[in-house]
Structure formats: C-alpha cells, structure tokens
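Coordinate inspection notes
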Amino acid sequence: MSALLEVKDLYVDIPLAAGVLHAVRGVDFSVDRGQTLSLVGESGCGKSLSVLAVMNLLPKKAKWYADTITFDGQEMDKVRERQMANIRGSKMAMIFQEPMTALNPCYTIGNQLEEALLRHKPVSRNEARDRAVFLLEKVGITAAGSRLKQYPHQLSGGLRQRVMIAMGLMCDPPLIIADEPTTALDVTIQAQILALLASLQKEFDMGMILITHDLGVVARMADYVAVMYCGQVVETGRATELFENPLHPYTQGLLRCIPVPGQTKPGEHLGSIPGIVPTPIGKQKGCVFQNRCTYVFNDCTSAKVDLTRISAGREYRCLLSPEVCRQNMNESQAT
Amino acid sequence: MNYMMNTEISVPFREISFPTPRQMTFRQARRHKGFLLGGGVLLLIIIMALLAPLLAPHDPYHQDLSNRLTPPIWHEKGTWDHPLGTDNLGRDYLSRLMYGARISLIIGVAAMLISGVIGTTLGVLAGFFGGRVDLVVNALITTRLALPIMLVALAVVALVGGSLQIVVLVLGLMIWNRFALVMRASTQQLRSMDYVSAAKAAGCSTPRIILAEVMPNIMNNLIVVATLEITRAILIEASLSFLGMGVQPPLPSWGLMVAEAKGFMLFSPWMIAIPGAAIFILVLSINLLGDGIRDITAPEGRS
Amino acid sequence: MTTALLQTEDITKVYQVSAGVFKGKRSLAAVNGVSIDINRGEVVGLVGESGCGKSTIAKIILSLEEATSGQVYFDGEPMATIDRKERARRIQPIFQDPYSSLNPRKSIGSIISLPYRVHQIGNKAEMEARVTEIMDTVGLPPRFRSSYPNQLSGGQRQRVAIARALMMKPELVICDEPTSALDVSVQSQILNLLLDLRENRGLTYLIITHDLSVVEHIASRVAVMYLGRIVEEAATDKLFKNPRHPYTQALLTSVLTPEPRLGLPETHLGIAYPNPIDPPPGCTFHPRCPKATDRCQKDSPQPVSENDHMVACYFAEPPQ
C-alpha cells in the first residue's frame, strides 16, 4: 500500500543578495493515513520550506524541485497551480502557527468556516453551516451556534486555534499539515490542543505532518520523526527508537541541551552544541555538521555523507557506525 | 526539469558576512534607477544654480529692448547669442533660467528646513510621550490643516508685501504638518522597542534617548518627507509668484517668469513653456529621488 | 536578619483600557497585590502564562512603569528615593527579544558601552578595556565590536544584551524570558553562561519565564502567577515535588518532556480562558479549576504560608 504523501529528493533554492541559499537539499519524507510524522529542527533547517514546497506555497523567487511527489496516488509534479488550489484546503489542510493572524478579522467565524467548504464542494450554505457547527463542537467549542456569528478578535488564542483546526477539517482532508501549531499558545492550552489534534486524527483517520522545534511535543505526539539540520534530514525513525537511542551526533546534542525536570541536575551546566548553524550558500564539502560535531574526524570534511539505512524508516546521516554512535551516547550520559 | 543540486563540489560553505546597514544602503542605492535618475538630474540643476555666475552667458537683469522676444535656437530666427531666446524686456532667458534655479532651490530648502525643525520636534514629542502632549500636538496639526496655505500666504503678502524672505517664512511656518504626522507615527512605533527600555534602564535621560536612540532610526523617513516637502515649497512659491504675491520682479523666479510670459503665450509659446518645463523637471527629479530613498531604506529591502 | 535585596510590597498596577468603541474605559489589573522578596545571591523564578502580569512586575522593578499602589524596596530603601543613575548601576535588565533589544543603527561596541558613557566613569581607554573584557566573558569574538546587530545571530545578540547589562557590575539582573526566542541549542549556551556569570560575579537574578523546565534548572525559588496574583511560592525542589495549587499542578503536568512513551498529559482544566479585563469574581482561577466550589466564586483565597511554602487556595494540597 503506497503512502498517503511521499516526497523524494526535494530541493529548494532561494536567491538572495549574497548568493543562492540552498535551503533544502535532497529531503525525503512520507506519511500515511492515521500516522503522525514530525519534521523537527531548529530555525533555518528548512522544515517549513519543505512543506510549503509540497503545497506550492513558496514565495515566487524560490525555486524548488523534487524527484517525485505522490499524494493520494496522484503524481504531483504534473499538477498545475489551479489544480493545486483545489487540493489545498480540501485534501491537504494546513494549520498555521499564529492564530492571531491566520483568521481574517473582517469576517465572522461562521463565514470563514463555511467558505472553507463551499470553495471546494458543491453543497448548500445550510449544509456548510451544519458541518461548521458539527466541527466546532468536535474541537470542544461549546455554544457553537452562537460562536458562528462572532469575529476572530472576540476569541482567545486557544479558541482561535481550535477554530483553525475546525476550518482545516471542513472538507474532511486525508492529510493535515500543522506548522508549529502550539508555539504561540500558553503551555496549559498547548497540551489541550495537542490532545485534540491527536484524537481528531484518530477519529477521522488522517495523516498528520507536525512541524516543530519543540522536542517535547515531538516525543509525545509523533509516530515517526525526521530530524532536520541545515536543509538536510540527518536522522529518521520511530519516535520511541529515536528518543531512546539517538544515533546522529546532532540529535544526541539536542537531547542533551534540554533541561528535564527530575532528570537534569539543577544548577549544573546543560549540554550544549558549540557554534552556530552555517548558512547554506555556496557549495559544501563533507558533512554539514562538521564544524559543531564533538566526534568529527578527518573524513567528515571531505566525504559525501549519505543516509545510512539501519532498517525500514530508520536512517541517519553520519560516517560513524551505529555501535560507535551508541557508545558515544552512553559515554556522554555517564558524565 | 533536471535541476539537481550538485553536492560533490569542493568548497565548504563560505563564512557569509552580512553587510552593515550603511553598506546595504549604498548597494541598493547604486541599483535603483529612479534614485539615480532623479539624483543625477537634481545634481545637474544644483551645479547649474551654484555656478550660475560662471555659466550664464549674460546678466539676467540686463535689458536689451532692441532684442526683445528673440526666439530660442531651434527657431529659424534664433541665434547662439541667446540660446533660449529673450523675454519681453530683452533679458537672456537662459541666464534667467539659471539664476532662477537658485531661487527655487533656496526657497525649497530653506522652507523645508524651517518646517522640518518645527514638524519633527512636534511629531517626535507627540509620538514619544503620548497622552496630553499628543493631544496638544494633534490639535495644532488639525488647526494648521484647517488653514489653507495659499490664502494665508496671500493675506500675509498683502499685509507686509512680498519678497523672498517673506515667502520662505510663510512656507516654513505652514508646511510642517506632514513632518509632524510622519515623525509621530515613526516614533510611536519605536517607543515600545526593547532597546529604548534598555537605554532607560541604563540610566539614559529622556532627551538622550530621543536624540541618540530614536532619531537615528527615524532618519530614513525624515529624509523622504524632507524631499517631498522641498517640492511642495517650490510649487507653492511658483504659484504665489505667478499670482504676483511671491517673489517680486525683477528676480528671475521661474513662477514669475511664467506669469510674465502669460501675455505672450500665443505668439511666443516658448516663453511660458521653458520655465514651466524647468519647474516640472526639478519637481520630478526631487520626487524620483525621494521615492528612491524611500524604496532603498524601506524595511523590506533590508533583510 | 539581613534585608532582602529587593522587596515588593503589595504592588498593584491598573491600566485603563477601552473596552470597545462605545463602551468607555475599563480597568485592567495587570498586577494585583504582589509581594515578593528576593534575597542576595538567589535566583528567583517568576512563572506564569500570558496575561499573568510577570512582565509588568519586571517593568515596575526597573522603574520603566509606575505601580498604581504598593512599594518597592531595594536594599532596604524605597525605590523612588534611589537616584536614576544609581538604580541603573545596580539593577539591569535582559529582555526577551534579541531582535528588538539592540538599536539597529548602533554598532555592537557602541551598544555595549552605552551604560559606561551615560555614567561617565573613567576615560575612553578604560571603557574600551572594559568592553573588551566583557565581550570576552560572554563569548563574543572581538571582531564583532564594529559589527551591527543585523549581522549577528539571535544567540549572539542575546550575548550582546547580557554584556550590556553587565557593564556597570549590577547587583540584580532582571531576565525577562531571556531564552524564549532562541533555538534549543542556543538556549542551553545562554543558560550555561547565565549560571557561570552568577557564580563568578555573585549576581542575583529574577528570571521571568513561562518555561518550567528552565526554571527548575536554574532557579532556587519559584513564584507562580495567575492573572496578576501569586498563587504559590516555594523553593524550587519543594514546588516541583509537591505542587499545592491546582494551577501549579496543571502547569507541571503540561510540561512536555522528550519521553515518547508518556503520551499526552491530561491537565483537567476547562476550556475557559483567563480574561484580565473581566476577571471572574472570587478566585480568578475558579472557572478552570477542577476543584472549584461555590466558596471559590465568592471569596478570593488569601495566601497562607506553611513550612515556607506559600499557597493561595482553599483546597491546596498539604505541605510536606
């Protein structure tokens, strides 16, 4: 059975004054119905751009190319923008980070929800309204009928995000793409929204791509994880495998950086990754992580580093063997 | 569509050094056509005005009634002695044009400076302090907007007579409203910035914060407004002089030249066309320059 | 008993906001009767979510805003009696947004040396030496001195902000979300730096944040705020082991640690959201509280301190 969305060999280039920024280089990912894939990485790693490329929402001056993009059985690179506009919203729903600005302040919630459906399916306004009420209740908003007449500014951030989720579901899409859906929300509301997303995904059997920089969110939500660094995927795997047994030095480094109440010793130095992310302008030789890696050796600066496959879905991009990686992890945890 | 990235090649990612704000501004200025064109023409006009005593072929006030209404060089009857012809009193048009540039530029810049000081002070104070200061300044702006510039100028000139100085003063005291509004808006945006709070926390006095922290960041907007106000002053002066209520003859103000040429429009159309075109070109070049500066210093052009 | 370095006594800050086009002005109590003590050498963490007033308290302590009522004492003296420049020398801020806390038109050297120039201590040579020393301490390469903020990354800018704060050798540093806008790997660098600086220079910190993991790692005492009031306050390990207030419990449950087998937490909070303009009567937390009763709607619970663990709730867990 083929995956719901499969992207192979995605490249995104953005021309800047200082040169061409190779923001995404050779990225693969795929997601199935009922699964959550998380693209995780720090700012500038290309996770948002990868997904925007798939939805054909990149800014005009960006150039992108993929070997294949297959969505719901259809080859996407042959699809024109007009068809893409039909697919966006009805089959691929996107939930954005900022609930404050993602809703149009001039129109009522009900109006915007109904539009989301009427744009794609030939239903009547009454049917659209019924579906809107149904979904608002599904996302936990009480008194849905009266909420339809409210304007976005009358709702709090958490409620707006729930409305965004309802809007995404109006056309019953098989795929939801959530780009930092809870970053702008308070921590207590974040837990509620994530739980809501997880339960809706199960109920409607949707695939979900969750983009975030928060490893805690990834651990609790994702089935599969792809860790991105500077435009490349550096490690993939099931969430349980990846967090319990991280292989790539970057993944290991990230996990060491996070203070965990009850585990990291308060007042002591946190682990850290020295240096800053390089800017991918120009050509690059060797591993993209070479200038920050604790385990760097000679070959890292010259060899082309591909993804090493351990098993289906479990890959990492490093010249060190899995055993050495595991050993490194154990050693650093012992100190 | 084979757009494959070749990751085999050898140079590691360069250390990218992003340019300083000043370098970025220069780089963009060099490429902006409007800025270059407008700036270039304006520069020529300024040079012409500055070097008028050296460049002008004749004395602009010298009348030669035997040579009245000579057409310019592109007519069959034109001579190189008077390339742009002569006016109804036999004065050389080219020389008058060159000296006239001085008047336009002096009035434009002087009025802009006076109104700039008034408007920027009011605007920055209103934007930074808000509250009652803002209310007072807003009331002043509204009052000023209720007064039509032309009528006030005419009234003043009727009372005390017209001259270069009077025109500059009236304009300077009247056209400050755009300065005030734009500076107020810019300052308001900046007053909640953390670096202003940090300066306060570092012990900076309020005047120091306004001058050292806020002003450098609103200079871009200030320059753009300043160029636009120069053109406004020039046009109003031309209109006043045309009505006989501005600069007095025999000064070669371009507006006055247009007025004097009005009676001869049908038979010697070049007399009115030339100063009219001069005003047009000057205003256009300043506007292009101002637009260029605005584009170059706009935040979108920055990152 | 030595006096605390900083004491706030029943601080209140009320803003007048317009409630709508024709509805006139309503009062918004951003801070409602907050009393905190910060002792020398402590790291006090002030946690809460958006709208709880923690940033407003920071501004009041820094004298960037004036409290509507209540007093702030610094080293025993009322803050109002302390001269502006002395205040600036002894208390310094580090702000959240590394992109707006540095003047984009000033060079790094100029930004860092600003406090020195304002106070006019020493001559140019001494100032330059001090800037060099500070830049080295915070880990900024000397070549950045003539750079501009737009040429630096977020983490580097935050280091500049820290350098600027340390120029005058302050005693108290108010950190308002110092790492929230930074990437994870940069966050840990900055937190390590803050820990080192405190140890080497004997600084006292007030850390304001919504990130409980950071607070648990770095703070010695924690105060939890909700809608302008402190609802719980205790030493860090006590608070994390035994959270007594339902809101603190919900906050701690909401922290998502990178442990994949734990799934998503259930916070037991309702869908109601806190509205500072129209706060609910009685306890401000009762619309969302799983333990709320009629009493909670009528009377606001007073803070009660047992075993050095303060909590304002009728149904608080017993202290340990």
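Presented here is an overview of the structure given in this document. (Residues numbered from 1 in each chain as written. Chains lettered and ligands numbered in written order. Predicted model: local features only at pLDDT ≥ 70, side-chain atom pairs only at ≥ 80, totals over all residues.)

Considerations on the overall build of chain C
Counting its secondary structure elements, chain C contains 10 helices and 12 strands. Each of the three principal axes of chain C carries a C-alpha extent, and together these read 70 × 50 × 50 Å. Within chain C, residue pairs in contact and separated by at least 24 positions form 65% of the contacts whose partners lie at least 6 positions apart. (Helix = DSSP H or I, 4+ residues; strand = E, 2+ residues; numbered from the N terminus. Contact = placed C-beta atoms within 7 Å.)

Regarding the interface of chain C and chain A
Accessible area lost on assembly of the parts is the figure often given for the size of an interface. On the chain A side, the residues contacting the 39 residues of chain C number 41 residues. The leading source of residues in the side of chain C that touches chain A is helix α6 (residues 184-201) of chain C, at eight residues. Here the residues of the side of chain C that touches chain A sort into 18 nonpolar, 16 polar and five charged. (Nonpolar A, V, L, I, M, F, W, Y, C, P; charged D, E, K, R; others polar.)

A short note on the sheet that holds strand β2 (residues 19-31) of chain A
Residue and element names in this part refer to chain A. Pairing within the open sheet is antiparallel, and its four strands lie in the order β2-β1-β4-β5. The sheet is open, and its two edges are formed by β2 and β5 (74-75), each paired on a single side. In this sheet, β5 lies alongside strand β4 (residues 63-71) in antiparallel orientation, the contact comprising two bridges. Residue pairing in the sheet places T70 in a bridge with E75 of β5. Contacts between helix α1 (residues 47-54) and the sheet are confined to β1 (5-16), β2 and β4, with β1 contributing the most and set at about 110 degrees to the helix. (Pairing = 2+ DSSP bridges. Axes fitted to C-alpha atoms, helices over the stretch in contact; angles between N-to-C directions.)

What about helix α8 (residues 177-191) of chain B?
Residues and elements named next belong to chain B. For α8, built from 15 residues, the straight-helix expectation of 21 Å at 1.5 Å per residue is met to within 8% by its first-to-last C-alpha distance of 21 Å. For α8, the full list of buried residues reads N177, F179, A180, L181, V182, M183, R184, S186 and T187. Along its buried surface, α8 packs onto α4 (93-129), α5 (131-146) and α10 (206-242). (Expected span 1.5 Å × (residues − 1). Buried ≥ 20, exposed ≤ 12 C-beta atoms within 10 Å, placed from the backbone.)

Description of the environment of A185 of chain B
Mapped onto the elements, A185 of chain B comes out in helix α8. Spatially, the C-alpha atom of A185 of chain B lies 21 Å from that of I230 of chain B, the residues being 45 residues apart in sequence.

Considering the sheet that holds strand β12 (residues 314-316) of chain A
All names here are of chain A. Strand order in the open sheet formed by eight strands is β6-β7-β8-β3-β9-β10-β12-β11, and the pairing between neighbours is mixed. Strand pairing shows two members of the sheet lacking a second neighbour, β6 (92-95) and β11 (308-311), which therefore form its edges. Averaged over all neighbouring strand pairs, the angle between strand axes comes to 20 degrees, with direction disregarded. By the bridge criterion, four bridges tie strand β3 (residues 36-40) to strand β9 (residues 224-229) in an arrangement that is parallel. Its bridge partner being in β9, L39 is matched across the sheet by A226. The strands touched by helix α7 (residues 157-169) within the sheet are β6 and β7 (175-179), with β6 carrying the most contacts at an inclination of about 170 degrees.

Some words on the pairing of strand β9 (residues 221-226) of chain C
Residue and element names in this part refer to chain C. Most of β9 is tucked away: six of the six residues are buried. Side chains R221, A223 and M225 project from β9 onto one buried face, and the interleaved V222, V224 and Y226 project onto a second face that is buried too. Bridge analysis of strand β3 (residues 43-47) against β9 gives four bridges, and the strand direction is parallel. Bridging across to β9, V44 finds its partner in R221. In terms of strand pairing, β9 meets strand β10 (residues 229-235) through six bridges, oriented antiparallel. The residue of β10 that forms the bridge with M225 is I230. Taking the residues between adjacent antiparallel strands as the criterion, β9 and β10 are bridged by two residues, where L227 takes a positive phi near 45 degrees.

Some thoughts on the nonpolar core
Grouped together as the largest cluster of nonpolar side chains are 265 residues, with contacts concentrated most on A163, L206, V224 and V231 of chain C. Among residues more than four places away in sequence, those in contact with A163 of chain C are I112, I134, M135, V138 and L140 of chain C. (Core = buried A, V, L, I, M, F, W, Y, C linked by C-beta atoms within 7 Å.)

Here we look at the environment of I166 of chain B
Residue and element names in this part refer to chain B. Secondary-structure assignment places I166 in helix α7 (residues 164-174). When the 20 C-beta atoms within 10 Å are taken as the criterion, I166 is described as buried. Through-space distance from the C-alpha of I166 to that of V156 is 8.3 Å; in sequence the pair is 10 residues apart. If we skip the residues at most four places from it in the chain, I166 touches V156, V157 and V160.

Quick word on the packing of α10 of chain B against helix α11 (residues 254-261) of chain B
All names here are of chain B. As a packed pair, α10 and α11 sit with axes 7 Å apart at the nearest point and diverge in direction by 35 degrees. For α10 against α11, the interelement crossing comes out right-handed. The residues of α11 that touch α10, namely those facing E237, A238, S239, L240, S241 and F242, are W254, G255, L256, V258 and A259. Of the residues assigned to the contact of α10 with α11, the class counts are seven nonpolar, three polar and one charged. (Left-handed = near helix turned anticlockwise from the far one by under 90°.)

Observations regarding the packing of α4 of chain B against α10 of chain B
All names here are of chain B. Running from N to C, α4 and α10 point in directions that differ by 140 degrees, and their axes come no closer than 8 Å. If you check the angle between α4 and α10, you find them oblique. Every pair of crossing elements has a handedness; the one defined by α4 and α10 is right-handed. Within the contact between the two elements, α4 uses S104, I107, G108, V109, A111, M112, S115, G116, T120, V124 and F128 and α10 uses I210, V214, L222, A226, E229, I230, A233, I234 and E237. (Parallel < 35°, antiparallel > 145°, perpendicular 65-115°, else oblique.)

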